[in-house]
Amino acid sequence: MGNRMDDAIKRYQQIQEKNLLGGGVEHIERQHNRGKLTARERIDVLIDANTFNEMGSSVGTTGARLDGRVPVAPCDGAVIGTAKVHGRLIAIYAPDFTVLGGSTGAQHGHKYMKILEMAARVGIPLVNLLDSSGGRLGYIDVITAGVDWQFRMESLYSGLIPQITVLMGPCIAGGAYLPTLCDFLLMSRISANMWLGGPRQTEAATSEKIDRDIGSPDYHMRLSGSADMVGDDDDITIKQCRELLRYLPQNYREKVPNWEQSDDPLRQTDALKDLIPDDFSETYDMHDVIEVLVDDGDYLEIKDEYAKNLITCFARFNGEVVGIAANNPKYPGSILEVNSSDKYYRFLQVLDAYSIPLVNLVDTPPFVPGEDEEARGLLRHMGKLVDVYATTTVPKISVVLREAYADAGSMVMGALKSMGADLTYALPIAQFAIEASELNYSEVYGKGIEDDAYESYMFLSREKYDAFEVGLTFTAQIIDEIILPRDVRKKIIDALEITRNKVEELPERAKMHGAPPT
C-alpha cells in the first residue's frame, strides 16, 4: 500500500473521529445536561447492535454566513443511513443538535431528501430522530434549505413506506410540518416541543403571550391530537418506536410478518361474560376486553390520551397484525364526536395504506348532537368517516358487544354490512336501533310536530331490536352470526383467515382519490 492510500485512510479516520464528536465535547455535555441524547446515541437505542450503515459521512456545510465565515459542521448536522430493527431494514435521518443546533442547511436538507427517496425506492420505513432548530438562518447558500421540497416528497411517498418521526427537541414554524406529515409522531416529554409559532415568535408577531406548555407533548397528545405516543424521555420514546415498527410492514406491498407467539388460537374467552355488564347503563373499560381477546394480552395503543372514548391500537390474533378500533364505554358513553372521529379517520387511513385488517369492537350510542359539536363541524367529520370506511379495502371485521345505534354504531363502526363490513358478529345481548334517547319528543318540542311524527319517527326511531330479532332477517345486511362470549377470539381469528385473500377494487378513476369532506 502506497503513501497516497495511507494518507487517504488517515484523512478518512480524522473525518470519522470529528463526526463522533459532532459539535464538540462542550455541546455534547450541554445536550446531556438537558436530559437529551445525541444523534448517534439515539440511533444506537433504536437499532439492532452494529447494523448502522452511514451515508454521507464526509459531507460538511458548503454555505458561508452572511459575514463570509464558513463554520465547521460535521455531516452538516445530519446523520443518515440504514440499519436493522428486529432484523428488518429501515432508513434513518437524525439531525445532530450539537452541530449548529441541528439546523437545516443545503447539504443537510439534501441528505434528508436522498435518504427518503432511497427508502421509498427500495421499500423500507423511514424513521426521523428529530431534534432541530429549523432552517439555518443567516447563510447564503439557500434561503429555505429545500424544506419545501422535503414537504412535497413526504406527501408524494405517503402511504408507500411507513414514515415515523420521534421528536426530541424544538420544532417550530414550517419545520413542524415534517412530523405532522408522517404516519406517526412520537414525542419525548423531557425534550420535545412543537408549535406553528413558539412563545417568542407569537409574541413578536401578535403581542400575545402563550404558555410554553402549549406545544408540549402532553398538549399535543391530550388537546391537539397531533401526537400518537409520548414517552418520558428520549430513551423510552425511541424504544416505543422500536415496538411500533413490529406492527408495521416494510412498505405498502408487503404484509407485516407474523412474530413468534405462544397464545392458543382456540383459547376461549369466557371472561367476557363478567367483563361486559348485562345492564346497559353500567360502564366498563374496553381495554380489559381487548386484553382478553388478543394474543398474550399484548397491544400497542395509539393516541391513548386523546379522545379516550375511542380506543385505537395494534394487536395480533394468532400472530397476524390487526388494527383495533373500539368504543370505550368507560368515557362519556363511548359516544363518537369530533375528536374521536378525527382519531378514527386517521387510523383507518393508515390501516388501509398498509393493508392491515380492521377489527371493530362496537358498543356505542349515536354521534352526540349539540350546539358545540355542530359548530365544530360534526357533520363534516361524520362524513369523513363514512367516506373513509366505505372506501377502505382491507378486511373489516366487527363484533357488536352491546349497543349499535344509529350513525356511530351501525355505519362507521362496521355494524351495517352494506357499508362494507366483511363479517359482522353480535353477542346475544346486543341491541340495534336508530336512536338511543328515551326522551318524549312531543313534550320536548311541544306543538308544531306533525300528528303522526311521534309514531312514525319519534317512537319507531328509538325502538330497539335485540340480536335475535335482527338475526331473523339475513337480507337486512346487519349481522352474519350471533356468537357466544367464549368464542369471540376464535371467531375473529376465523374471520381473518376467511378474508386473508380479500380483493376489493374501487371504481376506476383518473385520480387516486375522491373529494371527501375535510
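Residues numbered from 1 in each chain as written. Predicted model: local features only at pLDDT ≥ 70, side-chain atom pairs only at ≥ 80, totals over all residues. Heavy atoms only, no water.

(A) Here's a closer look at the confidence of the model for the protein. Averaged over all residues, the pLDDT of the protein is 85; the fraction at 70 or higher stands at 82%. Segment residues 439-449: pLDDT under 50, and 13 contacts once partners within four positions in sequence are set aside and those in other chains are kept. Across residues 456-461 the pLDDT falls below 50, and counting only partners more than four positions away or on other chains, this stretch makes eleven contacts in the model. (pLDDT = per-residue confidence, 0-100. Contact = heavy atoms within 4.5 Å.)

(B) Structural view of helix α9 (residues 234-245). The end-to-end C-alpha separation of α9 is 17 Å, in line with the 16 Å expected for twelve residues at 1.5 Å each. For α9, the full list of buried residues reads Asp234, Thr237, Ile238, Gln240, Cys241, Arg242, Leu244 and Leu245. With a side-chain oxygen positioned 3.2 Å from the backbone nitrogen of Asp235, the residue opening α9 is Asp233. (Helix = DSSP H or I, 4+ residues; strand = E, 2+ residues; numbered from the N terminus. Expected span 1.5 Å × (residues − 1). Buried < 20%, exposed > 50% of the residue type's maximum accessible area, 1.4 Å probe, protein only. Polar contact = N/O pair within 3.5 Å; in protein donor to acceptor, adjacent residues only side chain to side chain.)

(C) Geometry of the environment of Leu300. Along the chain, Leu300 turns up in strand β10 (residues 299-302). The class of Leu300 is buried, set by a relative accessible area of 11%. In this structure Leu300 touches Met229, Glu243, Leu244, Tyr247, Thr312, Cys313 and Phe314, once residues within four positions along its chain are discounted.

(D) Spatial organisation of the packing of helix α12 (residues 338-353) against helix α14 (residues 378-391). It is at 9 Å that the axes of α12 and α14 come closest, and there the two elements cross at 20°. Between α12 and α14, the interaxial angle falls into the category roughly parallel. As for how α12 packs across α14, the hand of that crossing is left-handed. Here Val338, Ser341, Asp342, Tyr344, Tyr345, Leu348, Gln349 and Asp352 of α12 lie close against α14, whose contacting residues are Leu378, His381, Lys384, Leu385, Val388, Tyr389 and Thr391. Grouping the constituent residues of the contact of α12 with α14 by class yields eight nonpolar, four polar and three charged. (Axes fitted to C-alpha atoms, helices over the stretch in contact; angles between N-to-C directions. Parallel < 35°, antiparallel > 145°, perpendicular 65-115°, else oblique. Left-handed = near helix turned anticlockwise from the far one by under 90°. Nonpolar A, V, L, I, M, F, W, Y, C, P; charged D, E, K, R; others polar.)

(E) Inspection of the sheet that holds strand β9 (residues 229-231) at higher detail. Taken in spatial order, the seven strands of this open sheet run β1-β2-β3-β4-β5-β7-β9, and their pairing is mixed. Pairing within the sheet leaves two strands with one partner each, and these edge strands are β1 (53-55) and β9. Sheet twist, expressed as the average angle between the axes of neighbouring strands with direction ignored, equals 20°. With three bridges connecting them, β1 and strand β2 (residues 78-85) associate as antiparallel partners. If you follow Glu54 over to β2, its bridge partner there is Gly81. (Pairing = 2+ DSSP bridges.)

(F) Structural view of a nonpolar patch on the surface. A cluster of nonpolar side chains, contributed by Tyr177, Leu181 and Leu196, occupies part of the molecular surface with about 290 Å² of accessible area. With respect to the helices and strands, Leu196 occurs in the loop between β8 (193-195) and α7 (199-206). (Patch = residues over 30% accessible without salt bridge, like charges linked within 9 Å, V, L, I, M, F, W, Y side chains within 5 Å. Areas by Shrake-Rupley, 256 points an atom, 1.4 Å probe, with all protein chains shown as cover. Salt bridge = Lys/Arg side-chain N within 4 Å of Asp/Glu carboxyl O.)

(G) Region of interest: the pairing of strand β13 (residues 358-364). Among the seven residues in β13, seven count as buried, and that is most of the element. Of the two faces of β13, both are covered, the one formed by Leu358, Asn360, Val362 and Thr364 as well as the one formed by Val359, Leu361 and Asp363. As judged from the four bridges shared by strand β12 (residues 320-327) and β13, these two strands associate in the parallel manner. Each bridged residue has a counterpart across the sheet, and for Gly323 the counterpart in β13 is Leu358.

(H) Representation of the packing of aromatic side chains in the model. Under the criterion given, the structure shown has five aromatic pairs. With a centroid separation of 6.1 Å and an interplanar angle of 65°, the aromatic rings of Phe184 and Phe314 are classed as edge-to-face. Taken together, the positions of Phe184 in strand β7 (residues 184-188) and Phe314 in strand β11 (residues 310-317) put the pair 130 residues apart, joining distant regions of the chain. For Phe314, a relative accessible area of 0% gives the class buried. Seen in terms of ring centroids, Tyr247 and Phe314 are 6.0 Å apart; in terms of plane orientation they differ by 25°. Their pairing is stacked. Taken together, the residues span a long stretch of sequence, with Tyr247 in the loop between α9 and α10 (272-275) and Phe314 in strand β11 at a distance of 67 residues. Note on accessibility: Tyr247 and Phe314 belong to one class, buried. Over the face of the ring belonging to Trp259 we find Arg246, whose NZ or CZ atom lies 4.8 Å from the ring centre. (Phe/Tyr/Trp six-rings, centres within 6.5 Å; stacked < 30°, edge-to-face > 60°. Lys NZ or Arg CZ within 6 Å of the ring centre and 35° of its normal.)

(I) Layout of the pattern of salt bridges. Counted according to the given criterion, the structure contains 24 salt bridges. Notably, a salt bridge pairs Asp131 with Arg42, separated by 3.1 Å at the nearest N-O pair. Placement of the pair is Asp131 in the loop between β4 (126-130) and α5 (147-156) and Arg42 in helix α3 (residues 39-46), with a sequence separation of 89 residues. The same class applies to Asp131 as to Arg42, namely buried. Taking the shortest distance from any N to any O, the salt bridge between Arg189 and Asp218 comes out at 2.8 Å. Residue Arg189 is found in the loop between β7 and β8, and its partner Asp218 is found in helix α8 (residues 217-222); the two are separated by 29 residues along the sequence. When its relative accessible area of 36% is taken as the criterion, Arg189 is described as partly exposed. Of the residues examined, Asp218 reaches a relative accessible area of 23% and is grouped as partly exposed. Because the salt bridges share partners, they merge into one network encompassing Lys36, Arg42, Asp131 and Asp234.

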